[in-house]
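# Descriptive structure summary
Chain by chain, the residues:
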Amino acid sequence: MNFLKWIIPSRNEREVKKLRPVVAQINEIEGGLQKLSDDELRQKTADWKARLSQIQDKTELARALNEILPEAFAAVKNACRRLTERKTEIIVREHPLLWEMIPFDVQLIGGYGLHSGRIAEMATGEGKTLVATLPIYLNALTGRGVHLVTVNDYLAARDSEWMGAIYKFLGLTVGCILHDQPPRVRREQYNCDITFGTNAEFGFDYLRDNGMAARKEEQVQRGHYFAIVDEVDSILIDEARTPLIISGPSVHTYDEQYGQWKPLVESLVRAQERLCARFLSEAEALIKKLNPTDGSNPQNSEALEHEIGLLLFRVKTGQPKSEGLMKLLEDPENLKLMNRAELDLHKDQKKVDLYREKEELLFAIDEKSFEADLTEKGRNFVSPKDPEAFVLPELTTALHEIDAGPEPDARKRMEAKTKVQQDFETKAQKIHAISQLLKAYSLYQLDVEYVIQENKVIIVDQHTGRLMPGRRWSDGLHQAVEAKEGVEIERETQTLATITIQNYFRLYQKLAGMTGTAETEASEFFDIYKLGVLVIPTNEPCVRKDANDAVYKTRREKFNTVLNEIKQIHAQGRPILVGTISVEVSEQLSRMLKREGIIHSVLNAKYHQQEAEIITRAGQRGAVTIATNMAGRGTDIKLGPGVAELGGLHVLATERHEARRIDRQLRGRCARQGDPGSSHFFISLEDDLMRLFGSDRIVKMMERMGLEEGQELTHPWLNRSIQQAQKRVEQHNFQIRKRTLEFDDVMNKQREVIYGFRNEIIHGEDVRDRLMDIMEEVVVDKVAQFTNAESEFSEWKTRQLADWVNLNFPIGLPEAEILKAADSGKESPVPESLFAGLSPAQFAVCNFISDSVRKAYDLKISFENPEALKEVERFTVLSAIDRLWQEHLYEMDSLRYSIGLRGYGQRDPLIEYKAEAFKIFDELMVNVKTEICHNIFRSASSMLAFENFLKNVPQQTLHQAASAFGGTSTASSGGAQAKPSDVVSEAAAAVAEKAKPVRTGPKVGRNDPCPCGSGKKYKHCCGR
Ligand SMILES: Nc1ncnc2c1ncn2[C@@H]1O[C@H](COP(=O)(O)OP(=O)(O)OP(=O)(O)O)[C@@H](O)[C@H]1O
Ligand SMILES: [Mg+2]
């Protein structure tokens, strides 16, 4: 195998070899450039920029860039030479630094790899920071903005200052996005030719620009042309596990409910426990009867068995985590009886017996469907006087009765419906809170599903046993558990905008990356990002000595040896870098070293700047540095004087990481640029990796060899087995990331539609046209909803249609007018038009309504300041999109969560998720348009404009529309009493200072029944 590799060069090697002539060409050109003056060199930048900025076509631009590549790379190299020769000092993070770098040939190859949109794999210390300047300079000449993405703010600032020296020398501008910059500053940074920043800053700016900005002046980014990601594996793989999320307080909370109902639920749970204890003892007695001690056969054993099964099932439904039950179920006989009883109960289509069984309890928990319901008994328990307090009323019927009732006044009908709806809402909230509390008490156990730390409920990942701080259960469950534990109940937050790292980086026209370790993840880079990997040879051959892994039976033995090795190497004066996989292990080791009196530093990826400074000293004589995986990444460890003679830096790892890549990174921190160095990994069979993924073969082999306490096992074969274990974990993690991404792809498409819509509004000149189009679309929808092409006019729901129109537009439409318009309809709509499928009568009604609305809108325009009105119109559309999109995100979250739970059965959760997501997105789009419609006349640029408009709306019109537009139904003379709510006055001020105008409040509560008669809540219907 190795032999083959030696004679047949790999594809990678061939590729690198092919680039040698390009390198020669660059070097030759650079020789020529040495004769130029600084200004002449700089002039090249200006000339290229002028030329490239003219090219619009993508392919042509790419071709032009390839054409000037050798000369542009040579210009960068030449600038480096000038800085070096002049011993230029640059201030980097407040320290002066002498520039002494001229790109090596391998660095030129790396630069080419990046320019061609690939990942350049170059070992630590090979100077990737400098490599990036070559393609960055070249691509920045297009004027389209190049982004360099780093793992932390410190590196972004450091590299923008450090490498900024070259860009500035050559006449380009450099910016850096940092966490606390205001939008104005950020925009300036993005306007530079080159912009540095972390992935989170770039991603959040994208979300704010597209999901939150209300006008183009608020947007800071200017497109996604080319990004080079430093430490690309860390960002595109490790960080990509969690999406970027901007969140805010949720509107869906009734947090106080949980504390309020806690005492009641507690006594309910206790009562149920007593009940279940009784069932259990009954079951135990029957079990005894079933197996008499004298060995005789009991009579009617079948009936006994059934009875036992039922009792056990009852307890499982009432107290799923009961210890007594668990104990009984340890006997497989009992488990069988219980399962059989459950099956019998489910056989009956009507489930009569099943319900009767549940009624024996106070509440019933269904673990699979994740539901908890009060039974009749339970309702009597919590509210003996009024058990109905916990029964939801039949909403649709109640609303329908009001609609069909004799009440002629639309306003009174609305009031009646509001009451029914409010009653429904309060009850629903109560029932929800109690159900979540019941789950919290019955299904969630302290120190199993969650732990309490610093007065917070922290979820425990059930697969890995890891704590997941910051994560919260949704839909009030977390609050319920907080109430149960008596810790502070935190407000629920909700996602305002979100994107996965994967999908953010896919926005770039061109993407490239660099890292010391990409090869092992090459397939993932290609699958997800279409990024190929080019492995660049080192400048000097690497002479690192990697020892075989040392494997021990227990962690204790392992750490003892680790300590010995540190002591021994430290005594020689060689610096040591100790890698750990977690902060805990770092601290444990630090305590051990302290006891031994060994001076050392501990890093754990929290304070980037400070860490970078410590790690630069890690190569000094006698230094001992303990670091977790991420700590101090990107900072070079240079050997101190005399250290090379001792053997260089020794890297010692106390465990193997989940991914081989991370081990390689750690190893790679020594023996840079031809330095001497060595590495040694220590493993125990108790390590997570070995416990969870290590093959039994290793354990068996160790046992066969009769490994003694404290004895070490090393063998190249073992290294391979451990790598196998790592490969399994890598695969497993890749699958998880891929899965997350598949789910996000659904969201991604929706996000594209919504962000596209928003941008169209933000950048479009004529929002008014769009507004009127939307109105027309919604009118068509509504007409189709309330009327029917086939049926008689008398069967049309003209009253509901008129109610809807009058609630939305001040055109005072009497029912009779609808019928009149319908009667006049002769013309069929054009087949391809918006109206396709409507009958002539329906078509005429649509036209009649939209024309009246347009007329009313023209009247409104005449009272408004034209410029201010433009803002108002934009606001009307954006606020509807934003509010509903955020609600949609909330729903998608819960959908994702509930689908996860539904993933039992044979169904593929992803397919269900897609179908369901598609449906709710469709609804979202309809709702956005309906809400826009609703607010067309409710937004005004000033109080005066609003009042003047209302005054001039025809009198009869106002009467019809009064209740919806802030007046009273008795308003009679010219609508003078029609009082818009005071929001309009705020709107006036807001528009004056060019802030968001505020809309006049609708007089229908969000939770009221929708006056259109759909039976839905107002907020889920026309009020959207
Ligand atoms: N052409 C060069 N000539 C001389 N020194 C160089 C050259 N290129 C890079 N260096 C030096 O090599 C060191 C390492 O550079 P850099 O931090 O960019 O490496 P890296 O490849 O990014 O490593 P890491 O994987 O740790 O991020 C720096 O001190 C830098 O000054
Ligand atoms: Mg680096």
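Reading guide: rules and limits
- Residues numbered from 1 in each chain as written.
- Chains lettered and ligands numbered in written order.
- Predicted model: local features only at pLDDT ≥ 70, side-chain atom pairs only at ≥ 80, totals over all residues.
- Heavy atoms only, no water.
- Pairing = 2+ DSSP bridges.
- Helix = DSSP H or I, 4+ residues; strand = E, 2+ residues; numbered from the N terminus.
- Axes fitted to C-alpha atoms, helices over the stretch in contact; angles between N-to-C directions.
- Phe/Tyr/Trp six-rings, centres within 6.5 Å; stacked < 30°, edge-to-face > 60°.
- Buried < 20%, exposed > 50% of the residue type's maximum accessible area, 1.4 Å probe, protein only.
- Lys NZ or Arg CZ within 6 Å of the ring centre and 35° of its normal.
- Near = heavy atom within 4 Å.
- Polar contact = N/O pair within 3.5 Å; in protein donor to acceptor, adjacent residues only side chain to side chain.
- Areas by Shrake-Rupley, 256 points an atom, 1.4 Å probe, with all protein chains shown as cover.
- Nonpolar A, V, L, I, M, F, W, Y, C, P; charged D, E, K, R; others polar.
- pLDDT = per-residue confidence, 0-100.
- Contact = heavy atoms within 4.5 Å.
- Patch = residues over 30% accessible without salt bridge, like charges linked within 9 Å, V, L, I, M, F, W, Y side chains within 5 Å.
- Salt bridge = Lys/Arg side-chain N within 4 Å of Asp/Glu carboxyl O.
- Lys, Arg positive; Asp, Glu negative; His and termini not counted.
- Charge placed at Lys NZ, Arg CZ, Asp CG, Glu CD.
- Parallel < 35°, antiparallel > 145°, perpendicular 65-115°, else oblique.
- Core = buried A, V, L, I, M, F, W, Y, C linked by side-chain atoms within 4.5 Å.

## Some points on the sheet that holds strand β7 (residues 226-230)
The strand order across the open sheet built from 7 strands is β5-β6-β4-β7-β15-β3-β16, with neighbouring strands paired in parallel fashion. A single partner strand is all that each edge strand has here, and the edge strands are β5 (174-176) and β16 (532-535). Between one strand axis and the next, the sheet turns through 20 degrees on average, direction left out of account. Summarising the sheet, β5 and strand β6 (residues 194-198) pair through 3 bridges and their orientation is parallel. Residue Gly-175 lies in a different strand from β6, and its bridge partner there is Thr-195.

## Here we look at the packing of aromatic side chains
According to the stated counting rule, one finds 18 aromatic pairs in the structure shown. Seen from their ring centres, Tyr-504 and Phe-505 are 5.1 Å apart, and the 75 degrees between their planes marks the pair as edge-to-face. Tyr-504 sits in the buried class, given a relative accessible area of 0%. The buried category is assigned to Phe-505, whose relative accessible area is 1%. Among the aromatic residues, those joined into a ring-pair cluster are Tyr-206, Tyr-504, Phe-505, Tyr-508 and Tyr-755. Across from the ring centre of Phe-390, 5.1 Å away, lies the NZ or CZ of Lys-430, which sits over that ring.

## Some details on the site of ligand 1
Taken together, 20 residues form the shell around ligand 1, and within it Ile-102, Gln-107, Lys-128, Thr-129 and Lys-638 come nearest. Residue Lys-128 places a side-chain N or O atom 2.9 Å away from an oxygen atom belonging to ligand 1. Between ligand 1 and Asp-636, the relevant distance is 3.2 Å, taken from an oxygen atom to a side-chain nitrogen or oxygen of the residue. With the chains in place, 88% of the 630 Å² that ligand 1 exposes on its own is no longer accessible. Looking at the shell around ligand 1 element by element, the count peaks at 3 residues for helix α7 (residues 128-140). Residue composition of the shell around ligand 1, grouped by class: 7 nonpolar, 6 polar and 7 charged.

## Things to note about the confidence of the model for the protein
On average, residues of the protein carry a pLDDT of 85, and 88% of them reach 70 or more. Within the protein, the element-level pLDDT minimum falls on helix α40 (residues 983-992), averaging 40, and the maximum on α7, averaging 98. A low-confidence stretch, residues 1-5 (pLDDT under 50), is modelled with 0 contacts involving residues beyond four sequence positions or located in other chains.

## Looking at a negative patch on the surface
There is a patch of like negative charges on the surface, built from Glu-359, Glu-360, Glu-376, Asp-386 and Glu-388. Within the element layout of this structure, Glu-388 appears in the loop between α18 (376-382) and α19 (395-404).

## Things to note about the sheet that holds strand β12 (residues 456-460)
On the basis of which strands lie adjacent, the open sheet formed by 3 strands has the order β11-β12-β13 and antiparallel pairing. Single-partner strands in this sheet number two, and they are β11 (450-453) and β13 (467-468). In terms of strand pairing, β11 meets β12 through 4 bridges, oriented antiparallel. When the bridges of β12 are listed, Ile-452 appears paired with Val-457.

## Points about the environment of Arg-770
Locating Arg-770 in the fold gives a position in helix α32 (residues 767-786). Measuring from C-alpha to C-alpha, the distance between Arg-770 and Glu-760 comes to 9.8 Å, with 10 residues separating the pair along the chain. Excluding residues that lie within four positions of it along the chain, Arg-770 makes contacts with Phe-757, Glu-760 and Ile-761.

## A few points about the packing of helix α14 (residues 301-318) against helix α16 (residues 332-347)
To describe two helices that pack against each other, one gives the angle between their axes and the distance between the axes. One way to put it is that α14 packs onto α16 with a least axis distance of 7 Å and a crossing angle of 85 degrees. The orientation of α14 relative to α16 falls into the category roughly perpendicular. Residues Glu-305, His-306, Ile-308, Gly-309, Leu-310, Leu-312, Phe-313 and Lys-316 of α14 touch α16, and the partners they reach there are Asn-334, Leu-337, Met-338, Arg-340, Ala-341, Glu-342, Asp-344 and Leu-345. For the contact of α14 with α16, the class distribution of residues is 8 nonpolar, 3 polar and 5 charged.

## Section: the pattern of salt bridges
Summed over the entire model, instances satisfying the criterion amount to 55 salt bridges. A salt bridge links Glu-217 to Arg-215, with the nearest nitrogen and oxygen atoms 3.9 Å apart. A residue is classified by how much of its surface remains accessible, and Arg-215, at 13% relative accessible area, is buried. One salt bridge connects Asp-687 with Lys-558, and the closest N-O pair in it is separated by 3.0 Å. Separated by 129 residues along the polypeptide, Asp-687 in the loop between β23 (677-684) and α29 (688-693) and Lys-558 in helix α24 (residues 555-571) bring together distant segments of the chain. For the pair shown, Asp-687 and Lys-558 are each scored as buried. Each of Arg-186, Glu-201, Asp-205 and Arg-208 takes part in salt bridges that share partners, so that together they form one network.

## Some points on the packing of helix α31 (residues 716-763) against α32
Across the interface, α31 lies against α32 with an axial gap of 9 Å and an inter-helix angle of 135 degrees. By the angle class used here, α31 and α32 are oblique. Counting all contacts with α31, which are made through Phe-757, Glu-760 and Ile-761, the residues of α32 involved are Val-767, Arg-770 and Ile-774. Across the contact of α31 with α32, the residue classes break down as 4 nonpolar, no polar and 2 charged.

## Quick word on the nonpolar core
Core analysis: the largest hydrophobic core is formed by 104 residues, its most contacted members being Leu-236, Phe-505, Phe-525, Tyr-529, Phe-809, Val-845 and Ile-849. Counting residues per element, this core draws most heavily on helix α36 (residues 866-902), at 12 residues. Contacts of Leu-236, omitting those with residues within four sequence positions, involve Ile-501, Phe-505, Leu-511, Phe-525, Tyr-529 and Leu-531. Ile-136, Ala-140, Leu-170 and Ile-536 belong to the second-largest nonpolar core, a separate cluster that totals 62 residues.

## Side note on the environment of Ser-833
Inspection of the secondary structure puts Ser-833 in the loop between α34 (815-824) and α35 (840-862). There is a polar contact of 2.8 Å between the side chain of Ser-833 and the backbone oxygen of Val-830.

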